[in-house]
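# A structural walkthrough
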Amino acid sequence: MTSATPGSATDEGSAHQPQQPLTMVGPDFPFPYDDWLAHPAGLGSVPPEALGTEVAVIGGGLSGIVTAYELMRLGLRPVVHEAHEIGGRLRSVPFDGHPGVVAEMGAMRFPPSATAFFSYVDAVGLATEPFPNPLTPAAPSTVIDLKGRTHYARTLDDLPQLYRDVAEAWTQTLRTGARLEEAQAAVRARDVPALKALWNDLVHRLDDTTFYGFLCASPAFASFQHREVFGQVGFGTGGWDTDFPNSILEILRVVYTGADDDHRTIVGGSQQLPLRLWRRSPQDLAHWPAGTTLASLHEGGRPRPAVTRLHRTAPANLTVTDAEGAIRTYRAAVFTAQSWMLLSRIACDEALFPMDHWTAIERTHYMGSTKLFALVDRPFWREQDPVTGRDRMSMTLSDRMTRGTYLLDHGPDRPGLICLSYTWSDDSLKWLPLSASERLAVMLQSLREVYPDVDLRRHIIDSPVTLSWEAERDFMGAFKANLPGHYRYQRRLFTHFVQDDLPERYRGLFIAGDDVSWTAGWAEGAVQTALNAVWGVVHHLGGSTHPDNPGPGDRFAELAPVLLPED
């Protein structure tokens, strides 16, 4: 429930002094990526002899495009490989004849605390608006439907006392079990010593604890009924019981940084961001002539095709074979696709990484996710039932097959869009064998039980659009979610961009992407790891950052994630 997490970015520290906002800086590696990006000294420079050097960037999602964009600014020549289309899991599917109406099959809501991400959103001139999460001001109304009982609400206070008790139980659990208020104060102040002392202690104590186990250990959640309701309704974005088997550290990273609250959506679709970066010419280009873009550095303005083989060649080079059979060799490469691709879809030799890094890749745990969207004739849900005075339909959280249903309004004179179902993990797998039309039939039947007087099918004006990320050959899942005990694996992957301590034969290949980040599933993690890789490539090619603007590798010893013992 949205109000269950205290300390949102709009809180006031006193009657006159607003608090600093929460940002996704930390807690594992509290480097200020937003400040690094904004500094007039820039991200660094490479030696004159390295200017124009080709660097392979494998994957054209947000992380890959940010990596390529920043390498281009620094005077290097990124060569982007992409299996499908630019955007990755920023995938906005349009509807013919309805410009501006898109189904967000991947990321669709972004917290303002994602400050590095929003620096790029602002740079390319994209507009945003509040996302209608349940029980937020952007949602006209919310319906919670559990165990056959339906409750209509505009705020949490409109729900029965049980739901307010569950919200309070979550707040108390975070305060007493995870020192939430102290942690958020340190995040707001960017107090690195305080944040690291607090978080490192929690990592030692909670790395082996599931989300569900964390709840069960709290006196506030002694009631199974409270835990069940919390799992179905959740907080902020909806039900989180599909996350119950995952590490509680994954959840705490989200709530500490305000990533679960106050979301915004990109008007016209999130895929516009990587596409605009692809075609954008920065004003501060090094080496390249004014007007150079990523598109102009690629033949035909298109990325190279998918990578089919990746291996090392002497001396200290990386050789890439693509789907057209072309073979190119590079001094450095950045891999930004889902890490499981290295295990199955791309032929790799073991010399790419040390064995403990291969182990970490193999242990990566991905969440599945399914969405189905239907285009409707108008935002009919804003019409009021003449008998009850309630909206005809609402943002809906349910224990039925649909789980989360979202209503997306593009104006009274334009078609509306309904995300009929947004599900995760086991709930997503239930949809996997069904076609789009079969999925639609089941969803409409489920929602008919919640809204018996609404004929949803009558309003649908186009074929449904659906996607299950675990069935996508070049993704195999929606995003990483660590299981208990996986912190050590995550640390190996995240810190891979700092390679001075690696044997020389393992250097020059950098991994990035949100599944390498500490906040997988959030675009901010994709941006942060892209910037890590940029620092790594520059350092590998003999470059450096400006003394007034040290990068993540320069401050690594100070900020490094805690190292847990392995013996």
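In the block above lies the structure referred to throughout.
Description of the structure in this document.

## Comments concerning the nonpolar core
Formed by 105 residues in total, the largest nonpolar core has its most connected members in Phe117 and Trp170. The next biggest cluster of nonpolar side chains, apart from the first, holds 44 residues, and it includes Ala103, Phe131, Met443 and Ala478.

## Observations concerning the packing of aromatic side chains
Scanning the model with the defined rule gives 30 aromatic pairs in all. Arranged with centres 4.9 Å apart and planes meeting at 40°, the rings of Trp170 and Phe230 form a pair that is tilted. In this pair, Trp170 sits in helix H4 (residues 161-178) while Phe230 sits in helix H8 (residues 224-233), placing the two residues 60 residues apart along the sequence. Assigned by exposure class, Trp170 and Phe230 land together as buried. Ring geometry for Tyr487 and Trp518: centres 5.1 Å apart, planes at 25°, overall stacked. Placement of Tyr487 in helix H16 (residues 487-494) and of Trp518 in the loop between strand E21 (509-511) and helix H17 (523-540) is noted, with a sequence separation of 31 residues between them.

## Section: the layout of surface pockets
The rolling of a water-molecule-sized probe over the atoms marks out the regions of remaining empty space. Volume-wise, the second largest pocket comes out at about 440 Å³. Lining of the second largest pocket is provided by 24 residues; of these, Glu129, Thr265, Leu408, Asp409 and His410 occupy positions nearest its centre. Where the lining of the second largest pocket is concerned, the elements lending two or more residues are strand E4 (102-104), strand E5 (128-130), strand E8 (264-266) and strand E17 (404-408). In terms of residue class, the lining of the second largest pocket is made up of 14 nonpolar, five polar and five charged.

## Quick look at the environment of Glu566
Tracing the backbone shows Glu566 in the segment after helix H18 (556-559). You can call Glu566 exposed: its relative accessible area is 54%. Expressed as a C-alpha distance, the spacing of Glu566 and Ile511, which sit 55 residues apart in the sequence, is 23 Å. Each residue touching Glu566, except ones within four places of it in the same chain, is listed here: Arg488 and Arg492. Among the polar contacts listed, one links the side chain of Glu566 to the side chain of Arg492, at a separation of 3.1 Å.

## Brief notes about helix H2 (residues 62-73)
Taking 1.5 Å per residue as the helical rise, H2 with its 12 residues ought to reach 16 Å, and the 16 Å between its terminal C-alpha atoms agrees with that figure. Along H2, 12 of the 12 residues are buried, which leaves the element largely enclosed by surrounding structure. Taken residue by residue, H2 has Leu62, Ser63, Gly64, Ile65, Val66, Thr67, Ala68, Tyr69, Glu70, Leu71, Met72 and Arg73 as its buried positions.

## Examining the side chain of His263
Inspection of the secondary structure puts His263 in the loop between helix H9 (248-256) and E8. A polar side-chain atom of His263 sits 2.9 Å from a polar atom in the side chain of Asn133. In this structure the side chain of His263 is engaged in a polar contact, spanning 2.7 Å, whose partner is the backbone oxygen of Ala259.

## Quick notes on the sheet that holds strand E6 (residues 142-146)
Pairing is mixed in the open sheet, where seven strands are placed in the order E7-E6-E16-E17-E18-E15-E19. The open sheet terminates on both sides in strands that have one partner only, identified here as strand E7 (149-153) and strand E19 (465-468). This sheet shows a mean twist of 15° between the axes of neighbouring strands, independent of strand direction. The pairing of E6 with strand E16 (residues 395-398) spans four bridges and is parallel. Of the residues in E16, the one forming a bridge with Val143 is Thr396. Relative to the sheet, H8 contacts E6 and E16, its axis offset from that of E6 by approximately 130°.

## Points about the pattern of salt bridges
One pass over the full model with this rule turns up 31 salt bridges. Taking the shortest distance from any N to any O, the salt bridge between Glu472 and Arg91 comes out at 3.2 Å. Placement of the pair is Glu472 in the loop between E19 and strand E20 (479-480) and Arg91 in the loop between strand E2 (77-81) and strand E3 (92-94), with a sequence separation of 381 residues. Here Glu472 falls in the partly exposed class, since its relative accessible area comes to 24%. Here Arg555 ties to Glu558 by a salt bridge, and the two come within 2.9 Å at their closest N and O atoms. Under the relative-accessibility criterion, Arg555 is labelled partly exposed at 23%. Linked by salt bridges that have partners in common, Asp28, Glu250, Arg253 and Lys480 make up one network.

Parameters at a glance
- Residues numbered from 1 in each chain as written.
- Predicted model: local features only at pLDDT ≥ 70, side-chain atom pairs only at ≥ 80, totals over all residues.
- Heavy atoms only, no water.
- Core = buried A, V, L, I, M, F, W, Y, C linked by side-chain atoms within 4.5 Å.
- Buried < 20%, exposed > 50% of the residue type's maximum accessible area, 1.4 Å probe, protein only.
- Phe/Tyr/Trp six-rings, centres within 6.5 Å; stacked < 30°, edge-to-face > 60°.
- Helix = DSSP H or I, 4+ residues; strand = E, 2+ residues; numbered from the N terminus.
- 1 Å grid on protein atoms, 1.4 Å probe; cavity = no way out; pocket = protein on both sides within 12 Å on 5 of 7 lines; lining within 4 Å.
- Points joined across faces, edges and corners; volume = space filled by probe spheres on them.
- Nonpolar A, V, L, I, M, F, W, Y, C, P; charged D, E, K, R; others polar.
- Contact = heavy atoms within 4.5 Å.
- Polar contact = N/O pair within 3.5 Å; in protein donor to acceptor, adjacent residues only side chain to side chain.
- Expected span 1.5 Å × (residues − 1).
- Pairing = 2+ DSSP bridges.
- Axes fitted to C-alpha atoms, helices over the stretch in contact; angles between N-to-C directions.
- Salt bridge = Lys/Arg side-chain N within 4 Å of Asp/Glu carboxyl O.

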